[in-house]
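Given next are the chains, with one letter for each unit.
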Amino acid sequence: MKKTMVFFIVCLLAVGVLFSAGQKVVQDGEPVVLSIWEHTPQFELPLRNTLERFMELNPAIKVEYEIKTPDNYLSLLTTAIQAGEAPDLFWHHGTATTDMANLTRQGALMDLTDHIDVSKYSQMSRDKVTWEGRVYQTPAATIDTRAAFYNKDLFEKHGWSIPKTFSEFEDLLGKIKAAGYIPLSLAGRDNWNILFLFEPILAAMYPDWIIDAAVGKARIDDPRVISAMNKMIEWAQKGYYGEHFLGVDEAGQYLSFSRGQAAMTVAGSWTTTTLINNNPEMKIGAFQIPTQDGQKPIVLTYAAGFSVYSKTKHSEEALKLANYLTSIESQQIWVDGLGAIAGLAGVNSGSDLANEIADANLELESFYNIMVLYHAEGESPTKVWEEDNPKLFTGMVVPETFVKTLDSMMDYPGL
Amino acid sequence: MTKSKAYIGFITPGFILYSLFMIVPLGFAIYYSFFNWSGLGSMECIGLENFKRIFFDPRMSRIFNNALGNNFRYMAIAVFVFIPLQILMAYLIHIKIHGHNLFRLMIFLPYVISPSIIGFFALLVFDPNIGILNNVLLGIGLNQLVSSWFGNPSIAFYLLVVVIGWNGIGVGMVIILANMKNIPQDVVEASIIDGASVWQRFWLVELPFLEPSIINVVVLSSIFALTQFDIPFIVGGLNGGVNGKLDFLNLMFFRYTFGDAYFGETALGFGAAISVVVFTIILCIAILQKLVFSRLFKR
């Protein structure tokens, strides 16, 4: 009995030693786990595809991503940074907003200047990720813009054609309405979709104002801006967005287009994949609203990528990922996944629809970015714009006073 | 520990937890309200500037007053419309009208659904283009009744009240019903023998017994009305719906404190000031209600 007991104990010890040795081997072979945060579900597919390829190339690194929602992303990120628990890499707006200034001042971003090569990117793209001469974020090869998406089947059925001038575009809206469709579905309760409609209207009507305003040489309370706002309101009064568009949210805007109730919708280029994937049977085309003299203006904003958290425990691996995210290969995967427009030599646009969106001959700055660029210290005209632009349609805010309020919050360097 | 001090042992755990999760954060909120602080980086002490901005900046005070007005309007409806309805429904169930069990289930059921889902249901019903209601109205030829619903400034608020009411009216009813079941039956029976009608029995005999539950429901409804957030956020969006008709103080707090990723702006100092003001308003109303009730029901 005693011998049996000893034998069992020896066996148990042996198994224990072998098991613990095995564990050690597994631990040594375990990949380093990086975490990365994105701010919107719209970017999940390109991010997942990009990370899968990165992990294929770097089997010793595992990357776990989390997709947040835009309405609370910044607060979550801020809290995580305060707690010292931020992800190894995270998305933010770069210099397009105050994100970059706040995050660098806080020391939350790793200086990537000597670690990633951004020389192949355009100046506008590099500016988005550079703060006080140092690079803190991976640039992005995608160009964001807005476009009029249209239902090709409806256009063919009714003999409508893509307008070549602004007047033709207005005539087209009237024809579509007369045929019993909503000409342009619009989320009237969503200030962002109102912006994405207003910017192409302004670009088509007064590109000269945008060119001047982009360098701080034109005021926001300019009669041309008022006129473009009035045009947007006039179309609402004519029922071009549908009779009850004020109660429509973003999903409703896309759904009425998908269901064939609306012949067109103006939306961001980043919705291309969403529109295609949700409407596989539908033939969708896109164009830019033309100017009266036949130019095709396009409102451009460059996207930004990811920063490395300064307190990451895996800086070597995080930098490796940042480096990959800057590569042409990674950017091509991203652009393909998003169906986006490419803004970098060597990267092709993600779809035929993206090429249609990019068919333009006049590149213009975004109205929103102009407010971000030239707002006075301590003022936030963008917030006023966001809160009040839906009120333009109810008459609670009128263009003349609205632009005056915005103008009072600006500081134009060229005037 | 002596017998007379034993209560300290019972109170301490709760007191520590309450202090940790209520008093300390409240203290921090008051502290932050004196700063200009985005949540990151340096904090700049600006004294009462945040409070001055809330009350005296023309634009901000307009937004604040509108949101506060919506909170008060909703509170008034909750107290003067919902509570009488809750008492009536509880009474009908109490006297066991035909189908009372199903009736109780139908009224209480929406409460077990998350407000976020209720908001989503509301959008499915009231979306002007794809919503069920407009499509049904169009289908039966009532085109003149088709509306933008939550996009219509003249009805958006009342529609929201109906949705929130549908979601939460069952809770107060259940509290009052529980109280009704504890009314001494001998008193009720005595009133029947004395020839009291159903109405007299309810008004003169049973209603006075409902005082504790009614006070509770009034206080809870008022706090609930002043802390509205989820359903207005879902059906009206971050900016408080068309013309700010669905804006509430909590929504305003969220908008200015955290902004969103597109805003690229957070203002924790200013948000803390809004939260302090909201807290003070709720506290004042709770104290006022306590004073009113203690006078009203003084025996």
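What you are looking at is a predicted structure, and each value in this text was computed from that prediction instead of being measured. (Residues numbered from 1 in each chain as written. Chains lettered and ligands numbered in written order. Predicted model: local features only at pLDDT ≥ 70, side-chain atom pairs only at ≥ 80, totals over all residues.)

Colleague: Explain the overall build of chain A here, please?
Modeller: Within chain A, the regular secondary structure consists of 18 helices and 14 strands. Expressed as lengths along the three principal axes of its C-alpha atoms, the size of chain A is roughly 100 × 50 × 40 Å. Looking at chain A residue by residue over its 415 residues, the buried ones come to 47%. A fraction of 77% describes how many contacts in chain A between residues 6 or more apart in sequence connect residues 24 or more apart. (Helix = DSSP H or I, 4+ residues; strand = E, 2+ residues; numbered from the N terminus. Buried ≥ 20, exposed ≤ 12 C-beta atoms within 10 Å, placed from the backbone. Contact = placed C-beta atoms within 7 Å.)

Colleague: Please clarify how the overall build of chain B should be interpreted in this entry.
Modeller: When helices and strands are counted, chain B shows 13 helices and two strands. Counting only C-alpha atoms and orienting by the principal axes, one finds that chain B spans roughly 80 × 75 × 30 Å. Among the 299 residues that make up chain B, the fraction classed as buried is 36%. By sequence separation, contacts in chain B at least 24 residues apart represent 66% of the contacts at least 6 residues apart.

Colleague: Before we go on, may I ask you to explain the sheet that holds strand E12 (residues 306–308) of chain A in this structure?
Modeller: Working definition: the strands of a sheet are paired by backbone hydrogen bonds and lie parallel or antiparallel to each other. All names here are of chain A. Taking strand neighbours across the sheet as the criterion, the four strands line up as E2-E1-E3-E12 in an open arrangement whose pairing is mixed. Two strands close off the open sheet at either side, each with one partner strand: strand E2 (61–67) and E12. The mean inter-strand angle of the sheet, taken between neighbouring strand axes irrespective of direction, is 25°. Sheet analysis places strand E1 (residues 32–38) next to strand E3 (residues 89–91), joined by two bridges and oriented parallel. Residue pairing in the sheet places Trp37 in a bridge with Phe90 of E3. Across the sheet, helix H2 (residues 44–57) is in contact with E1 and E2; its angle to E2 comes to roughly 175°. (Pairing = 2+ DSSP bridges. Axes fitted to C-alpha atoms, helices over the stretch in contact; angles between N-to-C directions.)

Colleague: Just to check I follow, could you spell out the interface of chain A and chain B for this structure?
Modeller: The extent of an interface is frequently quoted as the accessible surface area lost upon association of the parts. Listed per partner, the contact involves 42 residues of chain A and 32 residues of chain B. Taken together, the elements giving at least two residues each to the side of chain A that touches chain B come down to helix H3 (73–82), helix H4 (99–105), helix H8 (191–205), helix H11 (250–258) and helix H17 (381–388) of chain A. If one sorts the elements of the side of chain A that touches chain B by residue count, H3 of chain A sits on top with five residues. Residue composition of the side of chain A that touches chain B, grouped by class: eleven nonpolar, 20 polar and eleven charged. (Nonpolar A, V, L, I, M, F, W, Y, C, P; charged D, E, K, R; others polar.)

Colleague: What should I look at first to understand the domain arrangement of chain A in this one?
Modeller: Residues and elements named next belong to chain A. Partitioning chain A into domains gives domain 1 (31–143 + 302–352) and domain 2 (146–300 + 356–407). Contact with domain 1, which involves twelve residues of that partner, is made by twelve residues of domain 2. Of the residues belonging to the side of domain 1 that touches domain 2, the class tally is six nonpolar, five polar and one charged. (Domains from an automatic or database assignment.)

Colleague: I keep staring at unusual backbone geometry and nothing clicks. Help me out?
Modeller: A negative phi angle characterises most non-glycine residues, just as the trans form characterises most peptide bonds. Unusually for a residue other than glycine, Glu132 of chain A sits at a positive phi of about 50°. Among the structural elements, Glu132 of chain A can be located in the loop between strand E4 (130–131) and strand E5 (134–135). According to the C-beta neighbour criterion, Glu132 of chain A is exposed, with 8 such atoms within 10 Å. In this model, Asn243 of chain B sits at a positive phi of 55°, which is unusual for a non-glycine residue. Tracing the backbone through its elements, the reader meets Asn243 of chain B in the loop between helix H11 (230–236) and helix H12 (249–258). Classification of Asn243 of chain B as buried rests on a count of 23 C-beta atoms within 10 Å.

Colleague: Which parts of the structure should I look at to understand H12 of chain B?
Modeller: Owing to its 3.6 residues per turn, the α-helix brings residues three or four apart onto one side. Taking burial as the measure, the ten residues of H12 of chain B include nine buried ones, the bulk of the element. Where H12 of chain B is concerned, the buried positions are Leu249, Asn250, Leu251, Met252, Phe253, Phe254, Arg255, Tyr256 and Phe258 of chain B. Turning to H12 of chain B, the residues buried within the fold contact H3 of chain A together with helix H3 (58–94), helix H10 (211–226), H11 and helix H13 (268–296) of chain B.

Colleague: Just to check I follow, could you spell out the pairing of strand E9 (residues 262–268) of chain A for this structure?
Modeller: Taken residue by residue, a regular strand's side chains alternate between the two faces of the sheet. Residues and elements named next belong to chain A. Burial analysis of E9 places six of its seven residues in the buried class, which makes it a mostly covered element. Pairing analysis gives five bridges linking strand E7 (residues 146–151) to E9, with the strands arranged antiparallel. Following the sheet pairing, Ala148 is matched in E9 by Val266.

Colleague: I would appreciate a short explanation of the nonpolar core in the present structure.
Modeller: One recurring pattern in soluble globular proteins is that nonpolar side chains are buried together. In this structure, Leu89 and Leu202 of chain A are the most contacted members of the largest nonpolar core, which totals 179 residues. In terms of residue count, the dominant contributor to this core is helix H7 (residues 156–180) of chain B (twelve residues). Counting residues domain by domain, this core receives three or more from each of domain 1 (31–143 + 302–352) and domain 2 (146–300 + 356–407) of chain A. Beyond its immediate sequence surroundings of up to four residues, Leu202 of chain A is in contact with Ile210, Val225, Ala228 and Phe367 of chain A. (Core = buried A, V, L, I, M, F, W, Y, C linked by C-beta atoms within 7 Å.)

Colleague: Sorry if this is basic, but what is going on with the confidence of the model for chain A here?
Modeller: Fine structural detail should not be taken from predicted coordinates in areas where pLDDT scores are low. On average, residues of chain A carry a pLDDT of 90, and 93% of them reach 70 or more. Predicted confidence for residues 17–26 of chain A stays below pLDDT 50, and this span has zero contacts to residues more than four positions away or in other chains. (pLDDT = per-residue confidence, 0-100.)

Colleague: Please clarify how the sheet that holds strand E14 (residues 362–365) of chain A should be interpreted in this entry.
Modeller: Residue and element names in this part refer to chain A. Spatial strand order, E13-E6-E11-E14: four strands in an open sheet with mixed pairing. For this open sheet the edge positions go to strand E13 (341–342) and E14, each flanked by a neighbour on one side alone. In this structure, strand E11 (residues 297–304) lies alongside E14, joined through four bridges in parallel fashion. Considered in E14, the bridge of Leu300 is made with Glu365. Sitting on the sheet, H8 is in contact with E11 and E14, with an inclination near 135° to E11. Running at roughly 30° to strand E6 (residues 139–144), helix H14 (residues 328–338) makes contact with E6 and E13 of the sheet.

Colleague: It is not clear to me how helix H9 (residues 207–214) of chain A should be interpreted in this structure. Could you clarify?
Modeller: Residue and element names in this part refer to chain A. Within H9, the full set of buried residues consists of Trp209, Ile210 and Ala213. The arc that holds the buried residues of H9, viewed along the axis, is 95°, so those residues lie on one side. In this structure, the buried side of H9 is in contact with H8, helix H10 (223–237), E14 and helix H16 (367–373). Positioned one or two residues after H9, Gly216 has a phi angle of 75°, which is positive. (Arc of directions from axis to C-beta.)

Colleague: In this structure, what is going on with the packing of helix H2 (residues 49–56) of chain B against H3 of chain B? I would like to understand it.
Modeller: Between two packed helices, the angle of one axis relative to the other and the distance separating the axes together describe the packing. All names here are of chain B. For the pair H2 and H3, the least separation of the axes is 5 Å and the interaxial angle reads 70°. In this view, H2 runs roughly perpendicular relative to H3, as classed from their interaxial angle. For the pair formed by H2 and H3, the contact residues are Arg53, Ile54, Phe55 and Phe56 on the first element and Met60, Ser61 and Phe64 on the second. Counted by class, the contact of H2 with H3 contains five nonpolar, one polar and one charged residues. (Parallel < 35°, antiparallel > 145°, perpendicular 65-115°, else oblique.)

Colleague: Sorry, what's going on with the pairing of strand E10 (residues 284–287) of chain A here?
Modeller: All names here are of chain A. By the alternation rule, side chains of E10 split into Ile284 and Ala286, which are all buried, and Gly285 and Phe287, of which none is buried. Pairing of E7 with E10, which is carried by four bridges, proceeds in the antiparallel orientation. Paired with Ala148 across the strands is Phe287, a residue of E10.

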